[in-house]
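In case you want the letters, here they are:
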Number of protein chains: 2
Amino acid sequence: MEQENTIKNTGLRGVTVADTRISFIDGEKGVLLYGGYRIEDLAGHSSFEETAYLLLKGKLPDSSELTKFKNTLATNSYLPDFVIESMKLWPDDTGPMQVLMAVISMLGFDDRDTEDSLEAYEEKAARLISGMAAAMTAWDRIRRGLDPVPHSKDLSHAENILFMLTGEKPDPEVAKALDVCLILHADHTFNASTFACREVASTQAGIYSGVLAGLAALSGPLHGGANEKAMAMLESLKDEDDIEAWIRKQLSEKKKIYGMGHAVYKTDDPRAAILKDIFKKLGPKTGNMEWFELGDKVEKTAVRIFTEAGKEGIKPNIDFYSGSVYHMMGFPNDLFTPLFAVARISGWSAHIIEERFGLAQDKPSIYRPAAEYVGNYCGLRGCVYEHKGA
Amino acid sequence: MEQENTIKNTGLRGVTVADTRISFIDGEKGVLLYGGYRIEDLAGHSSFEETAYLLLKGKLPDSSELTKFKNTLATNSYLPDFVIESMKLWPDDTGPMQVLMAVISMLGFDDRDTEDSLEAYEEKAARLISGMAAAMTAWDRIRRGLDPVPHSKDLSHAENILFMLTGEKPDPEVAKALDVCLILHADHTFNASTFACREVASTQAGIYSGVLAGLAALSGPLHGGANEKAMAMLESLKDEDDIEAWIRKQLSEKKKIYGMGHAVYKTDDPRAAILKDIFKKLGPKTGNMEWFELGDKVEKTAVRIFTEAGKEGIKPNIDFYSGSVYHMMGFPNDLFTPLFAVARISGWSAHIIEERFGLAQDKPSIYRPAAEYVGNYCGLRGCVYEHKGA
């Protein structure tokens, strides 16, 4: 009973629910590993395709495995005609996250595979990685009255995202920066969307259903929406003379500084430093140096104010910089959260596969927690309130 | 650390994560309450509309509140044209659960309400209750090449489901039986789909996203699919001479008897008795008495065999009878799980509202559990396996 009460209303924070081989965070030391590799090594030396393979298969691919994986991604990059024709019927102002949920549901229509083997799931994961990018880019064109641009098999996944959006061959430096952004967002252990994926997978629902729950959770402003809010904050601060006074006012009114602090990291978020570096490089190239300077100023001022208040662990997180980097690359603000999904689909798929075919197959299969009833007790003649809880 | 290990890999069974006023199960005594009322009282004396109101608002409606709620359901029962036109493009053999996920995503397209107040959520809950029934019935007609039949404001929710499916005014006794089935399936505390809804709601994602996660979880064979499997089992036993030998063989091969036993009830599932009664009444009326007799025989034989083996708590659950009742009513087997969703949408909505606006608003908002990393540690020169776990 005491144990129950220490867990109740804590959002399961710190409650270890399963084993995983996919990723690891040391929040005290600011370390993030995917499949055992430090995020800095992967961002510096791998591609998104290699990282996705690592998450899905637990090892980095050799060159023939990588070629095969890229071919599977290319083969699965189409959207069926009935999907594109349906999308053309939808209101132009529909939010892209809502569209992704509908399209992923529809990609699951032909998921008739009753043989739900590991191999089938890995094939479907490739279909989902390609499909998420195709859906996001197709919607951005369809809402602008343009036809979708099909995937090119000669381009990388990051290059294809830019190509399918614009129809033009992308700048290599911008594409490489996007590739790093995708790597940084590919996984982050049991966060809310990933846990939602695993919970759905625990009912033996298909991989499309699992991913749908991840998208649904990511659409929440407290989860995937934070990078869009951080960018909106920077935009609102463009003409602000006194940044320090603004930050102090926000804090005194108990309002959020978006992109600062993290549920798990109690020191630097290792992804933020890599993104800040991209931000700095991309600024002069894209003629957006003022965003870098503004972001840097907000960061330094906020960290100084938090440190003065004894909150030294509150540092910029990945959301603080990813919005501004995507903005510099030319993405509209409402694609920031979808871009998160386009990257995270690799981690979601890996976690669904691990839940379904991986470790601890003898555990009770369905996540089904308990709740304490604190309501009424009623007969046909009326109710008595008998709250037994604390 | 010890506490963590007692929770790990238990599917959160028995772990109390929150307070609730919506429903309560006493699995030892076989008691189920919605909003404080026993399920037997609600099944005997209320309608689905009253029960849905009770779940959403925490009290039974008076007659003017009920009229207003029914009007809100009627007003919200349409599917937008772009939804129906999209559905007409979809492959005829698409599974109805997949269709529900896509349609609920699309009903969320016009969910642009940034003012996410309790009142707005209650209005959207009515839209979802009406929309789920409209989507299921529209799809069943569209896949048969027929136009959807619009909702009639002169009929109850249960009558409308039968009317929208067939285009004919339903038999009152069949409609009343369906009404009771909807009441029995309306809520069941923190099961996997409801917990998925609440988890998504904890990110402040909208109610449509929350419901989508519930649908995704319900689509799993270990959750919503069980009634369909129980019916398929009965169908396969129609020409079986020796039921007892078949059951003993299943058990010796460690195969499931679908619809027997429950994660929470350790005695009779109170919903099963009510359904069995409906089953018995509807059998002669619909000329399906042989299903009742077969079901009754399988139940009695299985319970006797379980009791002999010292497993006295294994009794028929709601899934054992609901499939056969829906079959008698003329629903195709692949609508059994969607019918579960058509009822459970009321409980899902209530739980999303409770998570978002209800008890314990000071709790950490997002469900984010932890995992134990049991994978590799790698540098650029190779990996070491350092499993620290038990």
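Scoring rules and cut-offs
- Residues numbered from 1 in each chain as written.
- Chains lettered and ligands numbered in written order.
- Predicted model: local features only at pLDDT ≥ 70, side-chain atom pairs only at ≥ 80, totals over all residues.
- Heavy atoms only, no water.
- Axes fitted to C-alpha atoms, helices over the stretch in contact; angles between N-to-C directions.
- Helix = DSSP H or I, 4+ residues; strand = E, 2+ residues; numbered from the N terminus.
- Parallel < 35°, antiparallel > 145°, perpendicular 65-115°, else oblique.
- Left-handed = near helix turned anticlockwise from the far one by under 90°.
- Contact = heavy atoms within 4.5 Å.
- Nonpolar A, V, L, I, M, F, W, Y, C, P; charged D, E, K, R; others polar.
- Buried < 20%, exposed > 50% of the residue type's maximum accessible area, 1.4 Å probe, protein only.
- Pairing = 2+ DSSP bridges.
- Buried area = accessible area lost by both parts, 1.4 Å probe.
- Salt bridge = Lys/Arg side-chain N within 4 Å of Asp/Glu carboxyl O.
- Polar contact = N/O pair within 3.5 Å; in protein donor to acceptor, adjacent residues only side chain to side chain.
- Least-squares fit on C-alpha atoms with pLDDT ≥ 70 in both.

Engineer: Explain the packing of helix H11 (residues 207-218) of chain B against helix H17 (residues 336-357) of chain B here, please?
Structural biologist: When two helices pack together, their arrangement is given by the angle between the helix axes and by the axis-to-axis distance. Residue and element names in this part refer to chain B. Running from N to C, H11 and H17 point in directions that differ by 140 degrees, and their axes come no closer than 10 Å. By the criterion of interaxial angle, the relationship of H11 to H17 is oblique. Here H11 runs over H17; the crossing is right-handed. Together, Ile 207, Gly 210, Val 211, Gly 214, Leu 215 and Leu 218 of H11 and Thr 337, Phe 340, Ala 341, Ile 345, Trp 348, Ser 349 and Ile 352 of H17 make up the contact between the two elements. Broken down by class, the residue content of the contact of H11 with H17 amounts to nine nonpolar, four polar and no charged.

Engineer: Would you mind going over the pairing of strand E2 (residues 23-26) of chain B with me for this structure?
Structural biologist: For a regular strand, side-chain orientation follows a simple rule: the groups alternate between the two sheet faces. All names here are of chain B. Burial along E2 is two-sided: Ser 23 and Ile 25 facing one way and Phe 24 and Asp 26 facing the other are all buried. In this sheet, strand E3 (residues 31-34) lies alongside E2 in antiparallel orientation, the contact comprising four bridges. Each residue of the ladder has a partner; that of Phe 24, found in E3, is Leu 33. Between the antiparallel neighbours E2 and E3 lie four residues, among them Gly 30 with a positive phi of about 70 degrees.

Engineer: Where do I start with the interface of chain A and chain B in this structure?
Structural biologist: Interfaces are often sized by the amount of accessible area the parts lose when they come together. Across the boundary between the two partners, chain A contributes 95 residues, which contact 95 residues of chain B. For the pair chain A and chain B, the summed buried surface comes to about 8300 Å²; carbon and sulfur atoms form 62% of the total. For the interface between chain A and chain B, the tally reads two salt bridges. As a salt-bridge pair, Lys 8 of chain A and Asp 19 of chain B come within 2.8 Å of each other at their nearest N and O atoms. Considering each element in turn, the side of chain A that touches chain B owes the most residues, six residues, to helix H6 (residues 96-107) of chain A.

Engineer: Mind showing me how you'd approach the side chain of Asp 296 of chain A here?
Structural biologist: Residue and element names in this part refer to chain A. Among the secondary structure elements, Asp 296 is positioned in helix H15 (residues 289-308). A polar atom in the side chain of Asp 296 sits 2.7 Å from the side chain of Lys 276. There is a polar contact of 2.9 Å between the side chain of Asp 296 and the side chain of Lys 300.

Engineer: Just to check I follow, could you spell out the relation of the copies chain A and chain B for this structure?
Structural biologist: Both copies of the chain are related by one operation, a rotation about an axis with a shift along it. Rotating chain A by 180 degrees and moving it 0.0 Å along the rotation axis overlays it on chain B with an RMSD of 0.0 Å. Taken together, the rotation angle and the small translation identify this as a two-fold axis. The fraction of interface residues of chain A whose copies in chain B are also interface residues reaches 100%, indicating that both copies meet through the same surface.

Engineer: So what exactly am I meant to see when it comes to the pattern of salt bridges here?
Structural biologist: Pairs may arise between side chains of opposite charge once their charged atoms sit close together. Residues and elements named next belong to chain A. A complete count under the given rule lists 61 salt bridges over all chains for this structure. Residue Glu 85 is joined to Lys 88 by a salt bridge in which the shortest nitrogen-to-oxygen separation is 3.7 Å. With a gap of three residues between them, Glu 85 and Lys 88 both fall in helix H5 (residues 81-89), about one helical turn apart. Note on Glu 85: relative accessible area 38%, which makes it partly exposed. Taking relative accessible area as the criterion, Lys 88 reaches 42% and is therefore assigned partly exposed. Salt-bridge contacts for Lys 281 lead to Asp 277; the nearest nitrogen and oxygen are separated by 3.6 Å. With a gap of four residues between them, Lys 281 and Asp 277 both fall in helix H14 (residues 270-285), about one helical turn apart. Of the residues examined, Lys 281 reaches a relative accessible area of 55% and is grouped as exposed. Judged by its relative accessible area of 42%, Asp 277 falls in the partly exposed class. A single network of salt bridges, built from pairs that share partners, joins Asp 140, Arg 143, Arg 144 and Asp 334.

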